[in-house]
Amino acid sequence: MINRVILVGRLTKDPELRYTPNGVAVCNFTLAVNRPYTNQKGEREADFINCVVYRKQAENAANFLKKGNLAGVDGRLQTRSYEGQNGKVFVTEVIADSVQFLEPKGKGSGEQNNAHSGQNTAYNDPFAGERMPSDFDDMELPF
């Protein structure tokens, strides 16, 4: 069986770090990941994906990632459920094996980062304009 997830997106808010009763660090954050197409209005939509990372990587993510930072996550999809006030609640999240910081320290997409540096730190998406596998014509295949 294969359960592998690779994401690149921007944090929607600062990561939240907590510790289990056994002292294991747990960091939760949400990535906004652009969809590879635009809607009927020509706007690009995004999916908001909850991610969880543990131990040392959790502490690193909490210390070095902030709202608006570009990050890469490699992990697996996991579901769980619990009893909420209105019945059973189902949660799907990515359990990260690896979190990559994809911007130099001090860079980000938020206005607060621009205000601190005094300069424009707009980020150019390296994947903008990339062709998605569904964009290929069958005639371009080598077989």
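Analysis parameters
- Within each chain, residues carry numbers counting from 1 in the order of the written sequence.
- Totals for whole chains, interfaces and linings use every residue, but because this is a predicted model, local features are given only for residues with pLDDT of at least 70 and side-chain atom pairs only at 80 or more, for both listing and counting.
- Excluding hydrogens and water, the side-chain figures rest on all heavy atoms present in the structure.
- pLDDT measures how confident the predictor is about each residue, on a scale from 0 to 100.
- Residues are treated as being in contact if the distance between any of their heavy atoms lies within 4.5 Å.
- Here, a strand pair is defined by DSSP locating no fewer than two bridges between the strands.
- Runs of H or I in DSSP of at least four residues are treated as helices and runs of E of at least two as strands, each being numbered from the N terminus.
- Three exposure classes are used, based on accessible area relative to the maximum for each residue type with a 1.4 Å probe and protein chains only: buried under 20%, partly exposed in between, and exposed over 50%.
- Throughout, the arc means the angular range of directions from the helix axis out to the C-beta atoms.

### A few points about the confidence of the model for the chain
Scored by pLDDT, the chain comes out at a mean of 82, with 73% of its residues at no less than 70. Confidence drops under pLDDT 50 across residues 110-123; counting only partners more than four residues distant or on other chains, this segment forms ten contacts.

### Some thoughts on the pairing of strand E6 (residues 87-101)
Across two bridges, strand E4 (residues 44-54) lies against E6 in parallel orientation. Bridge assignment links Cys-51 to a residue of E6, and that residue is Val-94. With 14 bridges connecting them, strand E5 (residues 70-84) and E6 associate as antiparallel partners. In the sheet register, Ala-71 faces E6, and the bridge partner there is Phe-101. Between E5 and E6, which follow one another and run antiparallel, lie two residues.

### A look at helix H1 (residues 55-64)
Buried residues of H1: Ala-58, Ala-61 and Ala-62, and no others. Within H1, the buried residues cover an arc of 95 degrees as seen down the axis, which keeps them to one side. In H1, the exposed positions that point more than 90 degrees away from the buried face belong to Lys-56 and Asn-63. On its buried side, H1 packs onto strand E2 (16-19), strand E3 (25-38), E4 and E6.

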